[in-house]
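Geometric and topological summary
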Amino acid sequence: MGKKTIQVSDFSGTVLQTDDEVVRIVVLEHPDLVAGPVQLDATPDEVENIDDAALDVAVVEIHDRHGGGEPRRVVLTASEFDAMATDVPMAQLLKTAERVRPPKARKSPEKIDYGTLEHAGRPHRGRVTEEEARLVREQLDEVNKRLADAGVRQIDPADPEHALRYGFPDVS
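Residues numbered from 1 in each chain as written. Predicted model: local features only at pLDDT ≥ 70, side-chain atom pairs only at ≥ 80, totals over all residues. Heavy atoms only, no water.

**As for a nonpolar patch on the surface**
On the surface, a cluster of nonpolar side chains totalling about 360 Å² of accessible area is made up of Leu55, Val57, Val59 and Val75. As for its position among the elements, Leu55 is in the loop between α1 (50–53) and β5 (57–62). On the basis of relative accessibility, which here comes to 65%, the residue Leu55 falls in the exposed class. (Patch = residues over 30% accessible without salt bridge, like charges linked within 9 Å, V, L, I, M, F, W, Y side chains within 5 Å. Areas by Shrake-Rupley, 256 points an atom, 1.4 Å probe, with all protein chains shown as cover. Salt bridge = Lys/Arg side-chain N within 4 Å of Asp/Glu carboxyl O. Helix = DSSP H or I, 4+ residues; strand = E, 2+ residues; numbered from the N terminus. Buried < 20%, exposed > 50% of the residue type's maximum accessible area, 1.4 Å probe, protein only.)

In structure tokens:
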């Protein structure tokens, strides 16, 4: 018995042919997003007008006593934010405002051993060791459950990149 995988648009359910262009949409923030960023597939036609629908927004952090020491992140339209500047136009205010320096780099954490079940399959730039690849192949369900719980991409043996990276048999 063989398996056949079909790819469909997450937006419309339209079956995507192998030669169709697929647009990958990564949702970074959404009120209904609970476990971190997710990936959606769509056709170019389905996202053709996404830039036209984009809003000019200001994303600000408010550091006050209400956050319990943590800043609150607020998104509002750029025009609403601009209207808050009553003495000097916002564009001028932003040009002359004090720059925020990024926090000082912390000591790098201990090196992660991807050759353990705890970390195998997590996305990383380094070379996949044979031990990591073996763990991923032999314990794929457990690895994917851990990856899903962490809100990161799961490993698909049918994906040519994953098949090559982790030593799955070529299914094409």
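**Quick notes on the environment of Arg137**
Tracing the backbone through its elements, the reader meets Arg137 in helix α4 (residues 130–138). Its relative accessible area of 30% is what places Arg137 among the partly exposed residues. Here Arg137 is in contact with Glu130, Tyr166, Gly167 and Phe168, once residues within four sequence places are set aside. (Contact = heavy atoms within 4.5 Å.)

**Here we look at helix α5 (residues 140–149)**
Regarding α5, the residues found buried are Leu140, Val143, Asn144 and Leu147. Down the axis of α5, the sector holding all buried residues measures 95 degrees, keeping them to one side. Of the exposed residues in α5, those oriented more than 90 degrees away from the buried face are Asp141, Lys145 and Asp149. Of the surrounding elements, those touching the buried residues of α5 are α4. Phi turns positive one or two residues past the end of α5, at Gly151, with a value near 75 degrees. (Arc of directions from axis to C-beta.)

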